Amino acid sequence: MYLNVHSSYSLRYGTIDLDVLIEEARKLGISEIVLTDINNSSASMDFILKARVAGIRALVGIEFRKEDRLLYIGIARNRKGMKELNDFLTYHQLCDLVLPERAPVFEQAYVIYPFKAVSFMLAEHEYVGVRPQDINQLFRLDMALIQRKLVALYSVTFQDKKHYRLHQYLRAIDQNTLLTKVNEIAICQETESLRPLEELQRLYSGYEYLLDNAHQLLANCSTDDYHFGRLNKQTFTDSKANDAILLEKLTLAGMHDRYGSGNMQAKQKIEAELAVVKQMDFCAYFLITWDVINYSRSRGFYHVGRGSGANSTVAYCLGITDVDPIALDLYFERFLNSKRSSPPDFDIDYSWHQREEIQAYLLKRYGIAYTGLLGTISTFKGRSVIREIGKVLGLPKSEIDSFTDPTQDAVNQDNPTFRKIMAVYELMDGMPNQRSIHAGGVLVSEEPITFYTALDLPPKAMPTVQWDMYAAEAIGLDKFDILSQRGIGHIKEAVELIRQNKGKSVDIHAVKSFLIDEQINRRLGASDSIGCFYIESPAMRQLLQKLQCRDYLTLVAASSIIRPGVASSGMMRNYIYYFHHPDEVIYLHPVMKEQLKETYGVMVYQEDVIKVCYHYAGLDLADADVLRRAMSGKYRSRDAFQKLIDKFFLSAKTIGRDEATTEEVWRQISSFAGYSFSKAHSASFAIESYQSLYLKTYFPQEFMVAVLNNYGGFYARWLYVHELKKTGATVHLPCVNNSEEKVTINGRDVYLGLIGIQGLNEDFIKLIPCERVTNGPFQDLTDFIRRTDIGLEQLAILIKVGALRFTGRTKKELLWDSHLYMGGSVKPKRDKELFAIVNKQYTMPVLPDERLEDAYQELDLLGYPLTLTMFDMLKTSYRGDVMAKDLLTHVDQTVKMVGLYVCEKTVRMKNQKKMWFGTFLDVHGNFFDTTHFPGRTPIYPFRGHGCYLLLGKVVEDFGVPSIEVEKFAKLPIQDNPILG
């Protein structure tokens, strides 16, 4: 009878969580519900799954609205009917069309129009819904003609009075208006909560036929034909048997290239893995991933296969990953095993500007009807929710700011407005807010994907499903992760620039030679890694120095222990200490020493948990991985988890392990497991880091240009320009006769790109290089103006940044000339000239440029000065008593330094106070790091980009110095001459 139920997935409208909806229905004895969320089917599959468990008959549909006005409700008779509804909504979403006033003819779905909205003859599948408040208007109608077409339409939107108030807040947030100004049509009726069937019968007393008609309509509907479980495309070839044959053939061919044909260890491991892949019916999944890699290589794209998929030797042989699982003793069971409940997935990274082509290839290769990008549901969360509530209440910004500051909660407790906001916040926190797009997931379905979801068209202009990865996983759709990162863009473009600039071809996949290269490893140990993927941040550079990291395996460990959970738990410090003092490691048991010797007894990796469970306790590898996942918070059943723990202890006892030792082993496992990181993932990161290091070591100029053109990494742009200058390159300001859109390199000469000039219109960024290629270099200012049709404002930007210095005239002279040429107009004259007219020459006073003025203009237009440094611009000539390279000779001493601010990190301590970590350059361009404790420096110590005077104590940690700052102040720079 409940034909029109909204869950919280009716975004910013419904308030009922699916679990709450089902539980409330069960309590009230409601046996069937039609979930009809507004303009989406995000929750429909999840609803079917959950309702089946609860013994409730789940029916599904969609409520179609135009803005806030209900048009009609579609109710699916079966899964084909739901596909019709999804297809209808999808068509209008993808084509950005307004929904029509009348629904189309659905063969397997009913349509219900709101009462009084019908002015046409109803088709067989169409009905009119009568709400309780509409009943008193039925006496005017001739029932004989329409009675069978009328159904009881009782809508459900919220669960109780306080959630009705929440609904009002959601509508105000959605409409971006005050709570008191929300349009009445946008708000549901105060009666729209679940009620017992007896109460529904009372509301329709005297008009029981409305309930009977509704009951009859629902009797013709069912979702029993929805069967979930392996919904991905089932075959890559024409059959599963041929898939298995092809996968084995490709893997063995890859084994020959990776290991040689006679490597029996590799052959045995591959055979064991293939047996599991075939048993679990994942051949097509592997082959589709291989096909993606094959296509991308044909396009010259570079990829990184990472994540748990790097545990697979089959994946390594297929070229999906470049991590050797045998060399690293990686367990395939971490990726795929017969007891794993969740599907495996490969994380494939591409350059940020190539990923969309790969996603588009999948859509084209397998058909748009069967393929979609994975969606995601963002929720209301954190203090930003308080800000939204405060805005709809009309509160001033200052008051909202005080409410969003957690340190003011105690002060605000007596404020009734604050208490009201927090009451709404508690209800709203975690609710679905809006649909978005997953970072890179793609779904390839065996059946048309609209059997399960309607599709959106977000900014990427590719069809996107309306639910997230958890819903996909629940019904049996395994995603393909096609991700992107800028580090790959650095590598790809650097290889291209090396070929163009040096005429050399680089095999960036020759990783094995990189790992044993002494020059690369020396650079790694010195943490000279700016621009290099994953190892350029201050924390990572410090860790590399503390470890004196000079080999691949140590870098793999560093890539894991740098993660926040490991560092904050103290495990990182333990690892560093034992790295330098391996003889002091105390192992609980010989098995622990055998399995954890590489990491000095510290369970750095998730694979370490599997190793200990397998080798010490005697669990099989599948159970060991299930236990590892459970301890990482990825196991839902508490009872099943406890059974695994019991099995761990029983198995250890069975093979004769001492009970007290087992207790301590378990304690260490359970404390480490939640923090540990996949070794395969770390190994993949380390491979890419080595590739970046190789390019930085042997082709530093091309590499840094590539970093700049892919928008850097951890740091601000100026630092990468600084790093480029350190390589010996001559870095030139943008020039209209030499610069392209991006940064370019020719020999050792590097020209900054036009795209980096702040305020320059995108049209001119593209036009200037194109015009120069078409009609030759610009001859002078007049020629440039005539050929580009540039206005005075944009021209002034180019002149001030020095981009017209090829004319030989100063900036002031060029600005004077441009004003004379424009004749006071902001745009050039558009009159066509039959002959080039020579401009009159005027005698002007000498107007020299000043370097300090140039630096100010560069700071304004590039974001950093190039002709001078920030140190050059200081009013003081003082550069500090101590330089970064000498800090270790001043440990425990108080020193005074001058540093150029690079970056900062804020850390909130347990007492809610903040401390900061800073990174600076000294005048010689060398890094040093600082720690700022609360109380010693201002509440917020940093004042933006510039040079600072620091007074502090030098401390040392594992051979790496830093400054504990006692006093701290930003130094003033010289006045801008143009303002003086």
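As the structure is a computational prediction, the values presented were derived from the model and not from experiment. (Residues numbered from 1 in each chain as written. Predicted model: local features only at pLDDT ≥ 70, side-chain atom pairs only at ≥ 80, totals over all residues. Heavy atoms only, no water.)

## Regarding the nonpolar core
So, step 1. Within the largest apolar cluster, 139 residues are counted, with the highest numbers of intra-cluster contacts made by Ile 669, Leu 695, Leu 798 and Leu 804.
So, step 2. Broken down by element, the residue count for this core peaks at eight residues, all from helix α30 (residues 679-698).
So, step 3. In contact with Leu 798, not counting residues within four places along its chain, are Val 736, Ile 757, Leu 760, Ile 768, Phe 784, Ile 790, Ala 803 and Leu 804. (Core = buried A, V, L, I, M, F, W, Y, C linked by side-chain atoms within 4.5 Å. Buried < 20%, exposed > 50% of the residue type's maximum accessible area, 1.4 Å probe, protein only. Helix = DSSP H or I, 4+ residues; strand = E, 2+ residues; numbered from the N terminus. Contact = heavy atoms within 4.5 Å.)

## Brief notes about the packing of aromatic side chains
So, step 1. Counted according to the given criterion, the structure contains 51 aromatic pairs.
So, step 2. Centroid distance Phe 403 to Phe 418: 5.3 Å. Interplanar angle 50 degrees. Geometry classified as tilted. With Phe 403 in helix α14 (residues 397-404) and Phe 418 in helix α16 (residues 416-428), the pair connects residues that are 15 residues apart, well separated along the chain.
So, step 3. Since its relative accessible area comes to 1%, Phe 403 is described here as buried. (Phe/Tyr/Trp six-rings, centres within 6.5 Å; stacked < 30°, edge-to-face > 60°.)

## Let's talk about unusual backbone geometry
So, step 1. Positive phi is not limited to glycine here, since Asp 281 has a value of about 65 degrees.
So, step 2. On the secondary structure map, Asp 281 appears in the loop between α9 (264-279) and α10 (283-298).
So, step 3. For Asp 281, a relative accessible area of 25% puts it in the partly exposed group.
So, step 4. One non-glycine residue, Asp 892, lies in the positive phi region at around 75 degrees.
So, step 5. Structurally, the position occupied by Asp 892 is in the loop between α37 (851-861) and β19 (894-908).
So, step 6. Overall, the relative accessible area of 55% leaves Asp 892 in the exposed class.

## Description of the sheet that holds strand β6 (residues 126-130)
So, step 1. As summarised here, the arrangement of the eight strands in space is β7-β6-β5-β4-β3-β2-β1-β8, forming an open sheet in which the pairing is mixed. At either margin of the open sheet sits one strand with a lone partner, and together these are β7 (150-152) and β8 (155-156).
So, step 2. Relative to strand β3 (residues 57-66), strand β2 (residues 32-38) is paired through seven bridges, and the arrangement is parallel. Bridging across to β3, Asp 37 finds its partner in Ile 62.
So, step 3. Contacting β2 and β3, helix α2 (residues 44-54) runs over the sheet at an angle of about 155 degrees to β3. (Pairing = 2+ DSSP bridges. Axes fitted to C-alpha atoms, helices over the stretch in contact; angles between N-to-C directions.)

## Points about α14
So, step 1. By the burial criterion, the buried members of α14 are Ile 400, Phe 403 and Thr 404. Summarising the axial view, the buried residues of α14 lie within an arc of 95 degrees, below the 170-degree limit, and thus occupy one face.
So, step 2. Contacts from the buried residues of α14 go to α13 (384-392), α15 (409-412) and α16. (Arc of directions from axis to C-beta.)

## Quick look at the pattern of salt bridges
So, step 1. One pass over the full model with this rule turns up 52 salt bridges.
So, step 2. Of the charged contacts in the structure, one is a salt bridge between Glu 271 and Lys 267, with a shortest N-O distance of 2.7 Å. Separated by four residues within a single helix, Glu 271 and Lys 267 lie in helix α9, roughly one turn from each other.
So, step 3. You can call Glu 271 partly exposed: its relative accessible area is 43%.
So, step 4. Owing to a relative accessible area of 29%, Lys 267 belongs among the partly exposed residues under this scheme.
So, step 5. A salt bridge links Lys 811 to Asp 854, with the shortest nitrogen-to-oxygen separation between them at 3.0 Å. (Salt bridge = Lys/Arg side-chain N within 4 Å of Asp/Glu carboxyl O.)

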